[in-house]
Amino acid sequence: MSATLSQRERMYRAYQDFFDTGEKKRRWNPFSDIPWEKIKQDTVTEDDAVCLETFCGVELYVPDYTANGLNMTRAIFGAAWFEACWGYEESKHALAYRTYLIESGLRTEEQYADFERKIFSKVWKLPFNTWRQMTCYGALQESATYLIYRTQLEKAKERGNHLLEQIYFLISRDEAAHRGFYQKVLQYELEEDRDGALEDLAHVVFNFGMPGVGLIPEYDDRLKIDGVGISPQHFLQHAVFPLLRAVGTSRSELIKIHRRKQAEEAARAERDAGEPALAVS
Ligand SMILES: [Fe+2]
Ligand SMILES: [Fe+2]
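Residues numbered from 1 in each chain as written. Chains lettered and ligands numbered in written order. Predicted model: local features only at pLDDT ≥ 70, side-chain atom pairs only at ≥ 80, totals over all residues. Heavy atoms only, no water.

1. Things to note about the coordination of the iron ion (ligand 1)
Logical step 1: In the first shell of the iron ion (ligand 1), the protein supplies Glu59 (OE), Glu59 (OE), Glu90 (OE), His93 (ND1) and Glu175 (OE), at 1.9 to 2.4 Å from the metal.
Logical step 2: All donors of the iron ion (ligand 1) belong to a single chain; written as a sequence motif, their spacing is E-x30-E-x2-H-x81-E.
Logical step 3: For the pair the iron ion (ligand 1) and the iron ion (ligand 2), the metal-to-metal distance amounts to 3.9 Å, and glutamate 90 bridges them. Here glutamate 90 is found in helix H4 (residues 77–103), whereas its partner glutamate 175 is found in helix H7 (residues 162–192), with 85 residues between them in sequence. (Donors = N, O, S within 2.8 Å, 3.2 Å for Na, K, Ca; no water. Helix = DSSP H or I, 4+ residues; strand = E, 2+ residues; numbered from the N terminus.)

2. Quick notes on the nonpolar core
Logical step 1: In this structure, Tyr97, Tyr100, Ile167 and Leu201 are the most contacted members of the largest nonpolar core, which totals 81 residues.
Logical step 2: Filtering out sequence-adjacent residues up to four positions away, leucine 201 remains in contact with Cys136, Leu186, Leu243, Leu244, Val247, Thr249 and Leu254. (Core = buried A, V, L, I, M, F, W, Y, C linked by side-chain atoms within 4.5 Å. Buried < 20%, exposed > 50% of the residue type's maximum accessible area, 1.4 Å probe, protein only. Contact = heavy atoms within 4.5 Å.)

3. So, the coordination of the iron ion (ligand 2)
Between any two of four tetrahedral donors, the ideal angle at the metal is 109.5 degrees; between two of six octahedral donors, it is 90 or 180 degrees.
Logical step 1: Within the first shell, the iron ion (ligand 2) binds the protein through Glu90 (OE), Glu142 (OE), Glu142 (OE), Glu175 (OE) and His178 (ND1), at distances of 1.9 to 2.8 Å.
Logical step 2: If you list the donors of the iron ion (ligand 2) from N- to C-terminus, the spacing comes out as E-x51-E-x32-E-x2-H.
Logical step 3: A relative accessible area of 4% places glutamate 90 in the buried class.

4. Brief notes about the packing of helix H3 (residues 62–73) against H4
Logical step 1: Contact geometry for H3 and H4: axes closest at 9 Å, N-to-C directions at 175°. On the basis of the axis angle, H3 is roughly antiparallel to H4. Residues Val62, Tyr65, Thr66, Gly69, Leu70 and Thr73 of H3 lie in contact with H4, whose contacting residues are Ala79, Ala80, Glu83, Ala84, Trp86, Gly87, Glu90 and Ser91.
Logical step 2: Taken together, the residues that form the contact of H3 with H4 break down as seven nonpolar, five polar and two charged. (Axes fitted to C-alpha atoms, helices over the stretch in contact; angles between N-to-C directions. Parallel < 35°, antiparallel > 145°, perpendicular 65-115°, else oblique. Nonpolar A, V, L, I, M, F, W, Y, C, P; charged D, E, K, R; others polar.)

5. So, the side chain of glutamine 7
Logical step 1: Mapping glutamine 7 onto the fold places it in helix H1 (residues 5–26).
Logical step 2: Using a relative accessible area of 17% as the deciding quantity, one classes glutamine 7 as buried.
Logical step 3: A polar contact is formed between the side chain of glutamine 7 and the backbone nitrogen of threonine 4, at a distance of 2.9 Å.
Logical step 4: Setting aside residues no more than four positions away along its own chain, glutamine 7 makes contact with Glu189 and Glu192. (Polar contact = N/O pair within 3.5 Å; in protein donor to acceptor, adjacent residues only side chain to side chain.)

6. Topic: the packing of aromatic side chains
Logical step 1: In the structure shown here, the tally under the stated rule is 22 aromatic pairs.
Logical step 2: Considering the side-chain rings of phenylalanine 18 and phenylalanine 82, the 4.9 Å spacing of their centres and the 70° angle between planes classify their relative orientation as edge-to-face. One end of the pair, phenylalanine 18, is in helix H1; the other, phenylalanine 82, is in helix H4, with 64 residues separating them in the sequence.
Logical step 3: For phenylalanine 82, a relative accessible area of 0% corresponds to the buried category.
Logical step 4: Ring centres 6.1 Å apart and planes at 75° place the aromatic pair phenylalanine 181 and tyrosine 182 in the edge-to-face group. (Phe/Tyr/Trp six-rings, centres within 6.5 Å; stacked < 30°, edge-to-face > 60°.)

7. Focus: the packing of helix H6 (residues 131–158) against helix H8 (residues 194–206)
Logical step 1: Axis separation between H6 and H8 bottoms out at 9 Å; the angle between their running directions is 50°. One finds that H6 runs oblique with respect to H8. Crossing angle aside, the handedness with which H6 passes H8 is right-handed. In this structure, H6 contributes Arg132, Gln133, Cys136, Tyr137 and Leu140 to the contact, and H8 contributes Gly196, Ala197, Asp200, Leu201, His203, Val204 and Val205.
Logical step 2: Of the residues that constitute the contact of H6 with H8, the class distribution is seven nonpolar, three polar and two charged. (Left-handed = near helix turned anticlockwise from the far one by under 90°.)

This is the structure:
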């Protein structure tokens, strides 16, 4: 990953803002800022357990996310330090979910340990190859995660599950800040190289998948439980389109880019197929 001096300075400032605002407004402690003594007042079901366990599973891949992220960004201070800070924040999400699952009695320690063992038996791999593509991915993924947790927050509030509501409030606020950081960096990338960044954004939008796919045990069955995932329509309306608007592009522009790329790839494949094979002697 290389960057010009102005890109480095912008990244540093973006990280400084993210860190400073986080320190002043968002810091929380999963053990002391949640009134765990009130946990028995929440009325929770097995569906809540499946949601919490699935979210916890996705958050548990922090070692893989940060190892890959830091390897990719290590030469750029703002980007690498963001990865470190982001990993710390995500790690608290897993701690809060883990504690809730066990303290509520939704899962025994043994059940939780078994789940964690299954999670760590798999390794998360980078879904895209470059930092700029991962920035596009981060903006969309954090947005989807925020929307999923926000729906859970509303549900917990309606049902009077105050402790769960508090947890989803604290975590979704972090996810919103993560989305904001990635969106800001994507805006910088577009100012630097609009065509290239839009090609990456189109590529990521058309190949997007949530991080739990292929990693969380029985993921497809879990998705049948209301609230575990997000519908494609909800994702488009509340994550993709707002991001496109915010960074100054549109659905039709991305479709155009995507079709052009597909045509170029098809032409290349045809050309390669038409070339004579190397003679083997
Ligand atoms: Fe998280
Ligand atoms: Fe996040």
